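Inside the fold
Here are the chains, one letter per residue:
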Amino acid sequence: MIRLEGIKKTFETKDGPLEVLKGVDLTIRDGEIYGIIGFSGAGKSTLIRTVNLLERPTEGKVFLDDICLTDLSPKVLRKERRRIGMIFQQFQLFPSRTVFENVAFPLRYTGRTKAEITDKVEKLLELVDLSDKKGAYPSELSGGQKQRVAIARALTTDPEVLLSDEATSALDPQTTKSVLKLLKRINTELGVTIILVTHEMDVIKEICDRVGVMEKGEIVEEGDVFSIFSNPQADITKNFVESTMNLSVINDLIAAESPLVELSPGECILRLRYLEKTTSEPLVSDLSRKYGIVINILFANVEIIRDHPVGGLVALVGGPAEQIGRAIQHLKSIGVGVEVIRDNEVLSANCA
């Protein structure tokens, strides 16, 4: 449905040209929820705003189906833009208008009768569970309710695509979950394709089908969410996955030289990644018994990603270097990812 080809964007600043997007190619499939994740300054918000040409790319083409939006006249572009709705982090509501009036605002010049507008708005407010708030003003609403109003307003033109630019970043975790559940419902029931920008891997994990990881204006890794979580390749992707699985704490402990990660002779620290079949296997006890090594689990975590289990653990492993090396090779042979976080000179060759 959405295709970006060679998208570049350069801003002129007082310090000279600033290249924010560096030739991004991206395809979003009809009916999917596609996540774009990256740290601040990665270019993700600029990228999503090129989809509806709120930011016109310096170079490259944007396609909606087979229509090249970047080649359209302003008049035709306005018409095609109605197929794309958008919601923002700060809601962008009119403070002096009621909930009903905010949602109805985009329908003013569409040729609909007052009765038709009323019917449309009331159905949308029912969809977002705000029928009882139609006479309220934004100042009387919670953050989650404001975002639901913004979502309802974005749906007034019956868009085929909904762009979400950090739409949950200003919300608490519980409210975020309810808004994400609403977006998933919109995707499922209305068939709306959703492109979602975020810096939170938990958001990606919750509702996205596929994800693109951005760094310094480029997509550095892309794939279905389960594959990205179970086998991240780029360093930045590994950082995101580790943060959501609570396994990155080990890095902080090492940096702080915590006594928990001090190594005795014959020890190393391993991080294991396992998925689906291996999550239900007694790996630790089997390794300990088969290879005669001691395994002390420091951190462990299992996540359910798109109805599939993905797990990981960080462990202090001790024993004969040769036996630890054999255990590592066995883990790799059954599809478990193994990363040596810390070792000593005795184990270096065997823990590689």
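Heads up: these notes are all about the structure in this document. In this text, all values refer to a predicted model and were calculated from it rather than measured experimentally. (Residues numbered from 1 in each chain as written. Predicted model: local features only at pLDDT ≥ 70, side-chain atom pairs only at ≥ 80, totals over all residues. Heavy atoms only, no water.)

1. Remarks on the layout of surface pockets
- The computed volume of the largest pocket comes to approximately 700 Å³.
- In this structure, the largest pocket is lined by 21 residues; those nearest its centre are Ile 84, Gly 85, Met 86, Pro 106 and Thr 157.
- Broken down by secondary-structure element, the contributors of at least two residues to the lining of the largest pocket are helix H2 (74-81), strand E6 (84-88) and helix H5 (143-154).
- Looking at the lining of the largest pocket, the element that brings in the most residues is E6, giving four residues.
- A class-by-class count of the residues in the lining of the largest pocket yields 10 nonpolar, six polar and five charged.
- Taken as a whole, the second largest pocket holds about 260 Å³ of empty space.
- At the level of elements, helix H6 (173-190), helix H7 (201-207) and helix H9 (235-244) are the ones that each hand at least two residues to the lining of the second largest pocket.
- Here the element with the most residues in the lining of the second largest pocket is H7; it accounts for five residues.
- Of the residues assigned to the lining of the second largest pocket, the class counts are six nonpolar, four polar and six charged. (1 Å grid on protein atoms, 1.4 Å probe; cavity = no way out; pocket = protein on both sides within 12 Å on 5 of 7 lines; lining within 4 Å. Points joined across faces, edges and corners; volume = space filled by probe spheres on them. Helix = DSSP H or I, 4+ residues; strand = E, 2+ residues; numbered from the N terminus. Nonpolar A, V, L, I, M, F, W, Y, C, P; charged D, E, K, R; others polar.)

2. Considerations on helix H12 (residues 321-333)
- Look at H12: 19 Å from first C-alpha to last across 13 residues, which is about the 18 Å you get at 1.5 Å a residue.
- Taken together, the buried positions of H12 are occupied by Ala 321, Gln 323, Ile 324, Gly 325, Ala 327, Ile 328 and Leu 331.
- Where H12 ends, the next residue or the one after it, Gly 335, has phi of about 90 degrees, a positive value. (Expected span 1.5 Å × (residues − 1). Buried < 20%, exposed > 50% of the residue type's maximum accessible area, 1.4 Å probe, protein only.)

3. Overview of the nonpolar core
- Counting 61 residues, the largest nonpolar core has Val 121, Ile 151, Leu 183 and Met 201 as its most contacted members.
- One finds Ile 2, Leu 26, Ile 28 and Met 86 within the second-largest nonpolar core, a separate group that totals 27 residues. (Core = buried A, V, L, I, M, F, W, Y, C linked by side-chain atoms within 4.5 Å.)

4. Points about the pattern of salt bridges
- Across all of its chains, the model carries 21 salt bridges by this definition.
- Across the salt bridge formed by Asp 129 and Arg 148, the nearest N and O atoms sit 3.9 Å from each other. One end of the pair, Asp 129, is in the loop between helix H4 (114-127) and H5; the other, Arg 148, is in helix H5, and 19 residues separate them in sequence.
- We classify Arg 148 as buried; its relative accessible area is 14%.
- Two residues, Asp 202 and Lys 205, come together in a salt bridge whose shortest N-O distance is 3.1 Å. Of this pair, Asp 202 and Lys 205 both sit in helix H7, three residues apart, which is roughly one turn of that helix.
- Through salt bridges with shared partners, one network takes in Asp 65, Glu 80, Arg 83 and Glu 160. (Salt bridge = Lys/Arg side-chain N within 4 Å of Asp/Glu carboxyl O.)

5. Section: the pairing of strand E8 (residues 193-198)
- The buried fraction of E8 is high, at six of six residues.
- Of the two faces of E8, the one carrying Thr 193, Ile 195 and Val 197 and the one carrying Ile 194, Leu 196 and Thr 198 are both buried.
- Of the pairings in the sheet, the one linking strand E3 (residues 33-37) to E8 comprises five bridges and is parallel in character. Of the residues in E8, the one forming a bridge with Ile 37 is Thr 198.
- Crossover connection from strand E7 (residues 161-165) via H6 to parallel E8: handedness right-handed. (Pairing = 2+ DSSP bridges. Right-handed = clockwise from strand over helix to strand, strands pointing away.)

6. Overview of the sheet that holds strand E4 (residues 59-64)
- Sheet architecture is open: four strands sit in the order E2-E1-E4-E5, paired in antiparallel fashion. The open sheet has two edge strands with one neighbour each: strand E2 (16-28) and strand E5 (67-68).
- Pairing of strand E1 (residues 2-13) with E2, which is carried by 10 bridges, proceeds in the antiparallel orientation. Counted as the bridge partner of Lys 9 is Leu 21 from E2.
- Sheet strands in contact with helix H1 (residues 44-51) are E1, E2 and E4, and its direction is about 120 degrees off that of E1. (Contact = heavy atoms within 4.5 Å. Axes fitted to C-alpha atoms, helices over the stretch in contact; angles between N-to-C directions.)

7. Comments concerning the packing of aromatic side chains
- Considering all chains together, one arrives at two aromatic pairs under this definition.
- Between Phe 39 and Phe 240 the ring centres are 4.5 Å apart and the planes differ by 25 degrees, which places this aromatic pair in the stacked class. In this pair, Phe 39 is assigned in the loop between E3 and H1 and Phe 240 in helix H9, connecting sequence segments 201 residues apart.
- Classification of Phe 39 as partly exposed rests on a relative accessible area of 43%.
- Among the residues examined, Phe 240 registers a relative accessible area of 3% and is labelled buried.
- When the ring of Phe 94 is compared with that of Phe 105, the centres are 4.6 Å apart and the planes differ by 55 degrees; the resulting orientation is tilted. In this pair, Phe 94 is assigned in the loop between E6 and helix H3 (99-104) and Phe 105 in the loop between H3 and H4, connecting sequence segments 11 residues apart. (Phe/Tyr/Trp six-rings, centres within 6.5 Å; stacked < 30°, edge-to-face > 60°.)

That's the geometry; what it means functionally is another story.
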